[in-house]
Amino acid sequence: MKIHEYQGKAVLRKFGVKVPDGEPAFTPEEAVSIGNRLGYPCVVKAQIHAGGRGKGGGVKLAKNRDEVKDLAEKMLGMTLVTHQTGPEGRVVKRVLIEQGMNLEGAREMYLAVVMDRESQRPVVMASSAGGVDIEETAAKNPKAILKQYVDPSVGFQAFQARQIAFGLGLPNAVVGQAVQFIRALYDAFEKTDSSLLEINPWMLTADGVLYALDAKINFDDNALDRHSDLRAYRDLDEEEPLEVEASKHSLNYIKLPGGNVGCMVNGAGLAMATMDIIKLAGGSPANFLDVGGGANADQIKNAFRILMADKDVRAVFINIFGGILRCDVLAEGVIAAVKDLGVKVPIVVRMKGNKEELGKQMLLNSGLAFQTADNMMVAAKKVVASVSGAPVSAKAKPASKAKGLAKGGRK
Amino acid sequence: MSVLVDRNTRVIVQGMGKHGTFHAMACREYGTNIVGGITPGKGGTTIEGFPMFNTVQEAVRKTGANCSLIFVPPPGAADAIMEAADADLALAVCITEGVPVLDMMRASTFLKGKTTRLIGPNCPGIISPGEKCKIGIMPGHIHMGGSVGVVSRSGTLTYEAVGQLTALGIGQSTCIGIGGDPIIGTTHRMAIELFNKDKATKAIVMIGEIGGSAEEDAAAYIKAYVKKPVIGFIAGQTAPEGRRMGHAGAIISGGKGTAEEKMKAMRAAGIHVVKSPADMGAMVAKILGKKK
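For clarity, every value in this text was computed on a predicted model and none was experimentally measured. (Residues numbered from 1 in each chain as written. Chains lettered and ligands numbered in written order. Predicted model: local features only at pLDDT ≥ 70, side-chain atom pairs only at ≥ 80, totals over all residues.)

Explain the overall build of chain B residue by residue, including any values.
A tally of helices and strands in chain B yields nine helices and 14 strands. Taking the principal axes of its C-alpha atoms as reference, chain B extends roughly 55 × 45 × 30 Å. Taken across its 292 residues, chain B has 60% of its residues classed as buried. Partitioning the intrachain contacts of chain B with sequence separation of at least 6 by distance along the chain shows that 71% fall at a separation of at least 24. (Helix = DSSP H or I, 4+ residues; strand = E, 2+ residues; numbered from the N terminus. Buried ≥ 20, exposed ≤ 12 C-beta atoms within 10 Å, placed from the backbone. Contact = placed C-beta atoms within 7 Å.)

Which residues make up the overall build of chain A, and what values do they have?
When you go through chain A residue by residue, the secondary structure sums to 13 helices and 18 strands. Its C-alpha atoms give chain A principal-axis dimensions of roughly 85 × 50 × 40 Å. Within chain A, contacts between residues at least 6 apart in sequence are counted, and of these 69% link residues at least 24 apart.

How would you sum up the interface of chain A and chain B? Please name residues and give values.
Chain A puts 44 residues into the contact, and the matching count from chain B is 48 residues. Secondary structure elements with two or more residues in the side of chain A that touches chain B: strand S13 (252–255), helix H9 (268–280), strand S15 (287–290), strand S17 (347–353) and helix H13 (376–388) of chain A. At eleven residues, H9(A) tops the list of elements feeding residues into the side of chain A that touches chain B. Here the side of chain A that touches chain B is built from residues that sort into 19 nonpolar, twelve polar and 13 charged. (Nonpolar A, V, L, I, M, F, W, Y, C, P; charged D, E, K, R; others polar.)

Outline helix H12 (residues 356–364) of chain A, supporting the account with residue identities and numerical values.
An α-helical turn contains 3.6 residues, so a residue and the one three or four places further along point in the same direction. All names here are of chain A. In terms of residue burial, H12 counts as a mostly covered element, since seven of its nine residues are buried. Within the sequence span of H12, burial applies to Glu356, Leu358, Gly359, Lys360, Met362, Leu363 and Leu364. Where H12 is buried, its residues contact strand S16 (315–322), helix H11 (327–341), S17 and strand S18 (370–372).

Go over the packing of helix H5 (residues 158–167) of chain A against helix H6 (residues 172–191) of chain A, please, and point to the residues and values.
Residues and elements named next belong to chain A. At a minimum axis separation of 9 Å, H5 and H6 run at an interaxial angle of 125°. Taken as axis vectors, H5 and H6 run oblique relative to one another. In this structure, H5 meets H6 at a crossing whose hand is right-handed. Residues Ala158, Ala161, Arg162, Ile164, Ala165 and Phe166 of H5 pack against Val175, Ala178, Val179, Ile182 and Arg183 of H6. (Axes fitted to C-alpha atoms, helices over the stretch in contact; angles between N-to-C directions. Parallel < 35°, antiparallel > 145°, perpendicular 65-115°, else oblique. Left-handed = near helix turned anticlockwise from the far one by under 90°.)

Run through the sheet that holds strand S13 (residues 230–235) of chain B, naming residues and quoting values.
Residue and element names in this part refer to chain B. Taking strand neighbours across the sheet as the criterion, the seven strands line up as S9-S8-S11-S10-S12-S13-S14 in an open arrangement whose pairing is mixed. Across the chains shown, the open sheet's two edge strands, defined by having one partner strand only, are strand S9 (133–136) and strand S14 (272–273). Pairing geometry for strand S10 (residues 145–152) and strand S12 (residues 203–209), over five bridges, is parallel. Looking across to S12, one finds that serine 152 is bridged to isoleucine 207. Of the strands in this sheet, S10, strand S11 (172–177), S12 and S13 touch helix H5 (residues 156–167), which is tilted by about 155° from S10. (Pairing = 2+ DSSP bridges.)

A description of the environment of A:Asn252 should follow, citing residues and the corresponding values.
If you trace the backbone, A:Asn252 turns up in strand S13. The sequence separation of A:Asn252 and A:Gly58 amounts to 194 residues, and the corresponding C-alpha distance is 32 Å. Once residues within four sequence positions are removed from consideration, A:Asn252 is found in contact with A:Ala268, A:Leu289, A:Asp290 and B:Gly246.

Describe the sheet that holds strand S3 (residues 46–47) of chain B, listing the residues and the values that go with them.
Sheets are built from strands paired through backbone hydrogen bonds, the pairs being either parallel or antiparallel. All names here are of chain B. As summarised here, the arrangement of the seven strands in space is S3-S4-S2-S1-S5-S6-S7, forming an open sheet in which the pairing is mixed. In this open sheet, the two strands that pair with only one neighbour each are S3 and strand S7 (117–119). Sheet analysis places strand S1 (residues 10–14) next to strand S2 (residues 33–38), joined by five bridges and oriented parallel. Note that in S2 the partner of valine 11 across the bridge is isoleucine 34.

So what's going on with the pairing of strand S4 (residues 50–53) of chain B? Which residues, and what values?
Residue and element names in this part refer to chain B. Here S2 runs beside S4; their pairing, made up of two bridges, is parallel. Pairing of glycine 37 across the sheet is with methionine 52, part of S4. In this sheet, S4 lies alongside S3 in antiparallel orientation, the contact comprising two bridges. Within S4, the position partnered with isoleucine 47 by the bridge is phenylalanine 50. In this structure, the hairpin formed by S3 and S4 is closed by a connection of two residues, where glutamate 48 is found at a positive phi of approximately 50°.

Provide a residue-level description of H9(A), including the pertinent values.
Residue and element names in this part refer to chain A. Between its first and last C-alpha atoms H9 spans 19 Å; for 13 residues at 1.5 Å apiece the expected length is 18 Å, and the two agree. Most of H9 is tucked away, with eleven of its 13 residues classed as buried. Along H9, the positions that sit buried rather than exposed are Ala268, Gly269, Leu270, Ala271, Met272, Ala273, Thr274, Met275, Asp276, Ile277 and Ile278. (Expected span 1.5 Å × (residues − 1).)

Which residues make up the confidence of the model for chain A, and what are the values?
In this model, chain A carries a mean pLDDT of 91, and residues with pLDDT of at least 70 account for 94%. Long-range and interchain partners of residues 390–411 of chain A, a stretch whose pLDDT sits below 50, account for 32 contacts in this model, where long-range means more than four residues apart. (pLDDT = per-residue confidence, 0-100.)

Now, about the environment of A:Gly258: what can you tell me, with residues and values included?
Here A:Gly258 shows up in the loop between S13 and strand S14 (261–265). In sequence terms A:Gly258 and A:Glu67 are 191 residues apart; their C-alpha atoms lie 40 Å from each other.

Tell me about the pairing of strand S6 (residues 95–99) of chain A, and please be specific about residues and values.
All names here are of chain A. For S6, the tally of buried residues reaches four of five residues, placing the bulk of the element in the interior. As paired elements, strand S1 (residues 22–25) and S6 share four bridges and run antiparallel to each other. Each bridged residue has a counterpart across the sheet, and for proline 24 the counterpart in S6 is leucine 96. Summarising the sheet, strand S2 (residues 42–46) and S6 pair through five bridges and their orientation is antiparallel. Within S6, the position partnered with alanine 46 by the bridge is valine 95.

Break down the environment of A:Gln361 for me, citing the residues and quoting the values.
Counting through the fold element by element, A:Gln361 comes out in helix H12. Taking C-alpha positions, A:Gln361 is 49 Å from A:Leu196, a pair spaced 165 residues apart along the chain.

Describe the packing of helix H6 (residues 188–197) of chain B against helix H7 (residues 214–225) of chain B, with residues and values.
All names here are of chain B. Packing of H6 against H7 brings their axes to within 8 Å, and their N-to-C directions diverge by 30°. The orientation of H6 with respect to H7, classified from their angle, is roughly parallel. Only Ala214, Glu215, Asp217, Ala218, Tyr221, Ile222 and Tyr225 of H7 make contact with H6, whose side of the interface consists of His188, Arg189, Ile192, Glu193 and Asn196. In terms of residue class, the contact of H6 with H7 is made up of six nonpolar, two polar and four charged.

Here you go:
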């Protein structure tokens, strides 16, 4: 889960990490009253879940109350476009009003804690180059990044913090403060179950004080159950509405820009592979959708509702491999959903595994215009053809073809 | 005919709730020797004919179990893994999806120096069809005994590969679902090392997905040590950057962990990479046919 900068700073403050004084404002009036309390100059920072806000015009300095009001008025409601938002940008609904820091003679550095997959342990990273993307530094000059891997059995140690502080060439007088700062940051990482905690820039003022000038925190979604305080930071405005709706029904849905073939699949790996095969068949997948292992009729209906709410979807590909999920239960859910919701777009169903024969017969006997296929590529080609307007049979196959209506399917 | 598990494997199930009990019965039906269950407080009772124990230690003492199948829900899953390792079981298979990463980090530190090998978490488990041994949630009937080893980060995509193989009359020695989380006990590389040593395994199917660099790591090992043919597929060729595709570990971040990069490394290691998930079985058939 991602959170806003001001929320991240509130978390850090609790763990004793020094951040500039500031508060969020949702209206220009609130912005003015915060500005008055902090004194001028102050900084107005647009709060969206994306980086690159400064370059996009989302971070401005206000010298007095008129300027803070003016800037807050302009920023609240504006669509901010940065390299991370995509061309459609994000609407700014809150701003952070923060004390203005004296940047003169200040040093900007980089500090982060991330979970490192290869070593299976957290790594504390620091660099003298603050304010630039760490990926850029990593590409240009990987040696400029100092790394300290944390031993999970004892946690982050003071000597590791000292190695970073001295490695960055911080003045002796600041080293003690830096060690405290880095250890507090690691403490926050561990106690909040973060997957990423990034301070960029990490500032050393001319008079020798360290501050987190920006803060980016991502939490481990799987650990949120034990952090009710952190869950409250979720901002639904920052998420795709259909994805929010899907998550309410325990469906894992991700919208893909520009696609028109809706996908409904069980299992994350097969769901990705289904997107891939649509592309290979010459089409364009509209989404990732994993209905999970224990999907029931209700969930299938919810899944259809979400797919159909996406106006770009022109056809649907249902690809199910029944391990736990039974194909007959799936078929029942699909038939009910298509009838109830009056789904009009072509649907190609491919199902394998548990009670596959029974499921297929139920689709055949439904009187609805499903297309089916056994092979994944054949199914993908059928769905792509139905989108591109190539001739495909839109009529239901007559039920009489399914002779002798098997009572229990195969197994 | 198999790696890690066979008809002599004695399995206990940790977490005999609704889910655990259902799958314990399905495994028993398949032929697996399930010797008991663990639910703290239920010791001394039986559930569906399975003798129940309060702790893994006790179960091992009384049943001689050497493997555990774990269904304990996420908050207690890492604890369950450590309990299995503390009892010196040879193998622990953790099915649980949604274990916090820092919990897994601690559990995997705990496992270092212990005898227990972990498979998972967030995986379908392991099956050796020729040995009638299924330790997991996969549908048994799609499998068939044979000489192809399958290793994969996914569940249903593994079933897809197995289904294709079986339909072509190609059996499997062992199929290992290693799990979709960022921290897992057995990696692609470790599974391939096992298949490489196993005399009954003649070819290996390796199914990966976006995120991390475990496939590249395995490819480097294959290039250096593996003479058996390896057939590979990577899911997520169309996945966008920065989005977690269902599995906690399936994410491209900072331009790293793309399908393209993995497929390139695999091809460079001599792996027969298929672009289409529909071609996995056919490629194995082609390669095996050539060898004969």
